[in-house]
Amino acid sequence: MRILITGGAGFIGSHLCDRLLSAGHEVIAMDNLSTGSVDNIAHLAGHERFQFIKHDVTNYIFLEGPVDAVLHLASLPSPVDYLNFPIQTLKVGALGTHKTLGLAMEKKAIFLLASTSEVYGDPLVHPQAEDYWGNVNPVGPRGVYDESKRFAEALTMAYHNYHNVDTRVVRIFNTYGPRMRMDDGRVVPNFICQALRGEPLTIYDDGSRTRSFCYVEDMVEGMIRLLHSREATPVNLGNPAEMTILDFARKVLEVTGSDSEIEFVTPTDVRTKDDPKVRCPDIGKAKRVLMWEPKVSLEEGLQQAMTYFRGKLGLT
Ligand code: UDP
């Protein structure tokens, strides 16, 4: 297949480039490098089946030749990023999804949308299955991301229903691993880097909120299975091993062997407003339709992530 990956220089996008190239496909990575980095794809430079195009997908996309699949991952998925760039976040979810869907329709390509567990907002149903409609505050600080992805899902299903575009929608739950940006503000890079530097681990509020962390290799495997499936409607992918942020902090200290303190802080900006109190994927549909479930344990995944961040911090 000849596959376009928007956000191809990002965290998950660059891992998808690697996996699809290894499977023998031709890959075009497109990225405006606002939060993605060429470092993530530098090892692919010169690969005969790989091409990088610097482009902002909120503008018209022109690609010569056939395209068999469009994987739309371009986005600003970290709370810190979407709070700093709210308009761009809305634009890439809305205009960017429109342009990439238009391209998929023109090329008769499969369209895969990277959506998010944030469509469930601060959920009132737990764990979250695909038929739950969510609890999102449209005018809260997280609304820019949540609503952009909800709109993207609606647009994707409209192109499926009215233009017969062959669609896939993955709702990605918290995913971590090598190539996450150290400064993206999310809990995994924050805690690992704080632990490695011997700084206190900053828990927002009381640490009782829950998340479920999926290693990137498992996520990419699930996404590739979804691409090759016939499932046009949303599928949750994530690791159902739920834990509190306090327990996660303890786990990071254990894996890194750090003697950092744990510090409870209240951020002065709006980043924790509407912060979901709980989050855990119901992956029944992925198990049934894709025969997929995560394989990598939190300890193994954290080891890999730690090795990566040690390198980035110059601690190797
Ligand atoms: N969090 C924290 N300390 C940090 C960063 C995040 O306690 O240094 C909390 C955050 O408030 C949230 C959870 O960790 O409850 C996960 O946050 P993250 O930004 O990783 O992603 P989210 O799941 O909120 O999109």
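Below, the structure is looked at part by part.

So, how was this worked out
Residues numbered from 1 in each chain as written. Predicted model: local features only at pLDDT ≥ 70, side-chain atom pairs only at ≥ 80, totals over all residues. Heavy atoms only, no water. Core = buried A, V, L, I, M, F, W, Y, C linked by side-chain atoms within 4.5 Å. Buried < 20%, exposed > 50% of the residue type's maximum accessible area, 1.4 Å probe, protein only. Contact = heavy atoms within 4.5 Å. Near = heavy atom within 4 Å. Polar contact = N/O pair within 3.5 Å; in protein donor to acceptor, adjacent residues only side chain to side chain. Areas by Shrake-Rupley, 256 points an atom, 1.4 Å probe, with all protein chains shown as cover. Helix = DSSP H or I, 4+ residues; strand = E, 2+ residues; numbered from the N terminus. Nonpolar A, V, L, I, M, F, W, Y, C, P; charged D, E, K, R; others polar. Pairing = 2+ DSSP bridges. Axes fitted to C-alpha atoms, helices over the stretch in contact; angles between N-to-C directions. 1 Å grid on protein atoms, 1.4 Å probe; cavity = no way out; pocket = protein on both sides within 12 Å on 5 of 7 lines; lining within 4 Å. Points joined across faces, edges and corners; volume = space filled by probe spheres on them.

1. What about the nonpolar core?
Point 1. Formed by 62 residues in total, the largest nonpolar core has its most connected members in Leu71 and Met223.
Point 2. Non-local contacts of Met223, meaning those with residues more than four positions away in its chain, are made with Ile12, Leu16, Leu73, Leu112, Val170, Ile172 and Leu237.
Point 3. Judged by nonpolar contacts, the second largest core, of 22 residues, contains Met30, Leu113, Leu155 and Tyr159.

2. Examining the site of the ligand
Point 1. Taken together, 18 residues sit near the ligand, with Val187, Thr202, Arg211, Asp275 and Arg279 positioned nearest.
Point 2. A distance of 2.8 Å separates an oxygen atom of the ligand from a polar atom in the side chain of Asn190.
Point 3. Here an oxygen atom of the ligand and a side-chain polar atom of Arg279 are 2.8 Å apart.
Point 4. When isolated, the ligand has an accessible area of 520 Å², and the protein chains bury 94% of it.
Point 5. Taken together, the elements giving at least two residues each to the shell around the ligand come down to α5 (187-197) and β8 (201-204).
Point 6. For the shell around the ligand, the per-class residue count stands at six nonpolar, five polar and seven charged.

3. Quick word on the sheet that holds strand β5 (residues 110-116)
Point 1. Across the sheet, seven strands lie side by side as β3-β2-β1-β4-β5-β6-β11; this open sheet has parallel pairing. Only two strands of the sheet have a single partner each, and these edge strands are β3 (50-54) and β11 (235-237). Pairwise comparison of adjacent strand axes, ignoring direction, gives a mean angle of 20° for this sheet.
Point 2. Strands β5 and β6 (167-172) of the sheet are contacted by helix α4 (residues 143-163), whose axis makes an angle of about 155° with β5.
Point 3. Running at roughly 160° to β6, helix α6 (residues 216-227) makes contact with β4 (69-72), β5, β6 and β11 of the sheet.

4. So, the environment of Met306
Point 1. Among the secondary structure elements, Met306 is positioned in helix α9 (residues 298-312).
Point 2. Met306 gets classed as buried once you look at its relative accessible area, which sits at 10%.
Point 3. In this structure Met306 touches Ile192, Leu196, Val255 and Thr256, once residues within four positions along its chain are discounted.

5. What to know about the layout of surface pockets
Point 1. Of the voids in this model, the second largest pocket is the one considered here, and its volume is about 170 Å³.
Point 2. Along the walls of the second largest pocket sit Tyr60, Ile61, Phe62, Leu63, His98, Lys99, Gly102, Leu103, Glu106 and Lys107, which together make up its complete lining.
Point 3. For the lining of the second largest pocket, a count of residues per class yields five nonpolar, two polar and three charged.

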